[in-house]
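Below, each chain spelled out in residue letters.
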Amino acid sequence: MPLRFEKRLIADERYESAGVFDANNNGLPDIVSGAYWYEGPDFKKQHLIGEVMAEGEYFDDFSTIPMDVSGDGWTDFVTGGWWGNTIRWRENPGAKGGEWPEHVIAECGNVEGTRAWDVDGDGQPELVPNTPMGPLVVYKLIVDESGRGTGEFSSHSIYAEEQGHGLGFGDISGDGRGDFVLAKGWLEAPEDPWRGQWVFHQDFDLGSASLPAIVTDVNDDGLNDLIVGQAHAYGLDWWEQGRDAGGRRTWTKHPIDPFNSQYHDLQWVDIDGDGQCELVTGKRYRAHCGRDPGAFDNVGVYYFKWNGESFSKQVIDYGPARAGTGLGIMFAVADLGGTGRLDIVAPGKDGLYVFFNEGE
């Protein structure tokens, strides 16, 4: 049976990124999006974080990554965007409240979005911005002797050439180390990710790839595959990793949904609670302000369930903008009400919504 969701408008704002974490240390999850955070459990009380630079229809706020950067026990968050050419962290003011000061981590060029992955396997995620026209650089939080953040980051250059649009991370080679997926190939991790040489394999061209491209073993054959949306075109596909007669790596592209466009953000989570992950994604509303293929098609939020042979699509919401809802550049999935079920926080230029998961 498909899941049922209750859709609720949280704020009529146009920020395209949202995260979920405990902003006020009261033990309840809050929603953080753009210039505001919304206090749980009902998310009706809005608190100002601080001004976010606007550029036309956009805001320079393309990620919301929770992280205690300062090490004071209050969760901060990392953002960044295309026009500011930086990744930044907003400092949680703690018990005194008020606006959240902004600190620049690095000037890194146009940022399509940032994700947090544990690149070196030490249990602490690093920051990895997707800078399509720039190199791949990873930023690691510097911690003190007790493991608390210091507010400072070290930078580590991984790949000097252009990344292209989209980025993923996971074990492609099967050696237990995390590799990077770029738009036109993948980077094989060395034993030491900070001092060793990453090897580029130009095995595929993913086009205007989603952020992230998901690395997972879709068909349970022991080889990790890719799930990739087209962020600025039509298409959602999985790329099956295989081996030819000579033992060489092969990639076979299988369509999941060729009929919808602007699949910019994807999440691989157990949305129905059956112990298996599903693909949750949707169309980003006005990703390029009406200039993308399919820009004026209906928007939607979906989950896709692997049935052993292919993906079956389940529609959570669908319709013209402001009737149906899409997903922005970074959406969040979290148990907002303590039900044990994962809810979907859907930001976008068409408003900030929550889809509360009511089960079957």
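Reading the values: the criteria
- Residues numbered from 1 in each chain as written.
- Predicted model: local features only at pLDDT ≥ 70, side-chain atom pairs only at ≥ 80, totals over all residues.
- Heavy atoms only, no water.
- Core = buried A, V, L, I, M, F, W, Y, C linked by side-chain atoms within 4.5 Å.
- Buried < 20%, exposed > 50% of the residue type's maximum accessible area, 1.4 Å probe, protein only.
- Helix = DSSP H or I, 4+ residues; strand = E, 2+ residues; numbered from the N terminus.
- Contact = heavy atoms within 4.5 Å.
- Pairing = 2+ DSSP bridges.
- Axes fitted to C-alpha atoms, helices over the stretch in contact; angles between N-to-C directions.
- Phe/Tyr/Trp six-rings, centres within 6.5 Å; stacked < 30°, edge-to-face > 60°.
- Salt bridge = Lys/Arg side-chain N within 4 Å of Asp/Glu carboxyl O.

K.L.:
Explain the nonpolar core to me, please; I cannot follow it from the model alone.
P.N.:
A general feature of soluble globular proteins is that nonpolar side chains tend to end up buried together. Core analysis: the largest hydrophobic core is formed by 20 residues, its most contacted members being Val69, Val78, Ile87, Ile105, Leu127, Tyr139 and Phe153. Of all the secondary-structure elements, those providing two or more residues to this core are strand 8 (65–67), strand 10 (86–90), strand 11 (102–107) and strand 14 (136–143). Per-element accounting of this core gives the leading share, three residues, to strand 14. The contacts of isoleucine 87, once residues within four sequence positions are left out, are Thr79, Gly80, Val104, Ile105, Ala106, Cys108, Val111, Thr114, Pro129 and Tyr139.

K.L.:
Which parts of the structure should I look at to understand the sheet that holds strand 28 (residues 332–334)?
P.N.:
Sheet strands pair via backbone hydrogen bonds, and the direction of the pair is either parallel or antiparallel. One open sheet holds the four strands; their spatial order is 1-30-29-28, and the pairing between them is antiparallel. At either margin of the open sheet sits one strand with a lone partner, and together these are strand 1 (5–11) and strand 28. Between one strand axis and the next, the sheet turns by 20° as a mean value, whatever way the strands run. Of the pairings in the sheet, the one linking strand 1 to strand 30 (residues 352–357) comprises six bridges and is antiparallel in character. The partner of leucine 9 across the bridge, within strand 30, is tyrosine 353.

K.L.:
How do you make sense of the packing of aromatic side chains when you look at a structure like this?
P.N.:
Each aromatic ring pair is characterised by the separation of its centres together with the angle its planes make. Using the criterion set out here, one finds 20 aromatic pairs in the structure. Ring geometry for tryptophan 117 and phenylalanine 169: centres 5.8 Å apart, planes at 20°, overall stacked. One end of the pair, tryptophan 117, is in strand 12 (residues 113–117); the other, phenylalanine 169, is in strand 16 (residues 168–170), and 52 residues separate them in sequence. Just as tryptophan 117 is buried, phenylalanine 169 falls in that class too.

K.L.:
Explain the sheet that holds strand 3 (residues 30–33) here, please?
P.N.:
Taken together, four strands build an open sheet; the order of strands is 2-3-4-5 and the sheet is antiparallel. If you trace the sheet from one side to the other, it starts and ends with strand 2 (19–21) and strand 5 (45–48), each paired once. Each strand of the sheet is rotated relative to its neighbour by a mean of 25°, with strand direction disregarded. When strand 3 meets strand 4 (residues 36–39), the two strands line up antiparallel, connected through three bridges. Counted as the bridge partner of serine 33 is tyrosine 36 from strand 4.

K.L.:
How should I be thinking about the pattern of salt bridges in this particular structure?
P.N.:
Throughout the structure, instances matching the rule amount to 22 salt bridges. The residue glutamate 358 makes a salt bridge to arginine 4 at a minimum N-O spacing of 3.2 Å. Pair noted here: glutamate 358 is in the segment after strand 30 and arginine 4 is in the segment before strand 1, with a separation of 354 residues, a long-range link. A salt bridge links lysine 140 to aspartate 122; its shortest N-O distance comes to 2.7 Å.

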